[in-house]
Amino acid sequence: MSYKSILVNLDVDGSIASIVKTAVEVARRSNARLIGFCAADAYLPVTGPEGAVLAAEVMRQMQDDDRHRFNELREEFEKLVFGAVETEWRDAQENPTYALVQVSRMADLILTEAREGAATGNRSRMADPASVVLQAGRPLLIAGAGAASVPGRKVAIAWKDAREARRAVMDAVPLLRHAEEVTVVTVAATIDQWAREGVADVAAFLASHGIAARKEAIESPRESERLLEFIDANEIDLVVSGAFGHSRLREWAFGGVTRSLLGEKRLNRFMSS
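Calculation criteria
- Residues numbered from 1 in each chain as written.
- Predicted model: local features only at pLDDT ≥ 70, side-chain atom pairs only at ≥ 80, totals over all residues.
- Heavy atoms only, no water.
- Helix = DSSP H or I, 4+ residues; strand = E, 2+ residues; numbered from the N terminus.
- Buried < 20%, exposed > 50% of the residue type's maximum accessible area, 1.4 Å probe, protein only.
- Lys, Arg positive; Asp, Glu negative; His and termini not counted.
- Salt bridge = Lys/Arg side-chain N within 4 Å of Asp/Glu carboxyl O.
- Polar contact = N/O pair within 3.5 Å; in protein donor to acceptor, adjacent residues only side chain to side chain.
- Contact = heavy atoms within 4.5 Å.
- Expected span 1.5 Å × (residues − 1).
- Arc of directions from axis to C-beta.
- Axes fitted to C-alpha atoms, helices over the stretch in contact; angles between N-to-C directions.
- Parallel < 35°, antiparallel > 145°, perpendicular 65-115°, else oblique.
- Left-handed = near helix turned anticlockwise from the far one by under 90°.
- Nonpolar A, V, L, I, M, F, W, Y, C, P; charged D, E, K, R; others polar.

Report on the side chain of Lys154, specifying residues and quantitative values.
For Lys154, the location among the structural elements is in strand β6 (residues 154–158). Of the buried charged residues, Lys154 lacks a salt bridge, with Glu181 as the closest side chain of opposite charge at 4.1 Å. Here Asn234 takes part through its backbone oxygen, which lies 2.7 Å from a polar atom of the side chain of Lys154. Once you skip the residues sitting within four places of it in the chain, Lys154 turns out to touch Glu181, Asn234, Glu235, Ile236, Asp237 and Leu238.

Written as structure tokens, this is what we have:
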């Protein structure tokens, strides 16, 4: 099992060097095709009837500026990759979250970089990773802000016995094969035999794929906080987890651990739903 096609999401207004370097490393490991992607959506300024002509002209100028920016990013992307792997380029003048979800059908894995305000900022300029992971049907690797190398030397699998976590473990196998240390960790208010068996079964599953994993069961009512403490204490550089959430009208409501991990911009996170 390996990734054959990897999609790297590039923010139209941000620096792309670090996330492209990370994406190239991941693609080279799997001999995968790397698809560079960028989307931005021009919006019509709010105005009265008397300003409609001017507003339309402003919108056309914004669209022209975005097309110019796409060309700049494509050139930079191709220079950064410089023949290291097979590449393709896609861009779209649409809402970035919607466009990224649509183009994800081309890929085995989506990469994006953690950005401050990605979930609450300008939705016309950057994709919301929380919405992407729940809608795309593909695993999402969120590189910590400024990361310029492949995460995954020391990996923690944040285990919860649910479909989303099982999917995440399976999807992460190609990355886990390159890890130096893998820990399957579960945190719960009560650790019973059922919980211990779950962790042991995941470790056995990984062993069948040639991945050695140690087991950790932590009893604590502070599930999110205790997990983050474990990550810090063990110098974990990649967290694999399911993304647990559901749509609530126009926003996504998330479970506690998913919400905490999505909010940690410093962490490298691998999520599936």
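With reference to specific residues and values, describe helix α6 (residues 193–208).
In this model α6 runs 22 Å from its N-terminal to its C-terminal C-alpha over 16 residues, within 8% of the 22 Å that 1.5 Å per residue would give. By the burial criterion, the buried members of α6 are Ala195, Gly198, Val199, Val202, Ala203 and Leu206. Relative to the axis of α6, the buried residues are bounded by an arc of 130 degrees and lie together on one face. In α6, the exposed positions that point more than 90 degrees away from the buried face belong to Gln193, Trp194, Asp201 and Ser208.

Which residues make up the packing of helix α5 (residues 163–176) against α6, and what values do they have?
Here α5 crosses α6 at 50 degrees, and the two axes come no closer than 11 Å. On the basis of the axis angle, α5 is oblique to α6. Judged by the twist between their axes, the crossing of α5 over α6 is right-handed. Contact with α5, carried on its side by Val169, Met170, Val173 and Leu176, involves Val202, Phe205 and Leu206 of α6 and no other residues of that element. Residues that form the contact of α5 with α6 fall into these classes: seven nonpolar, no polar and no charged.

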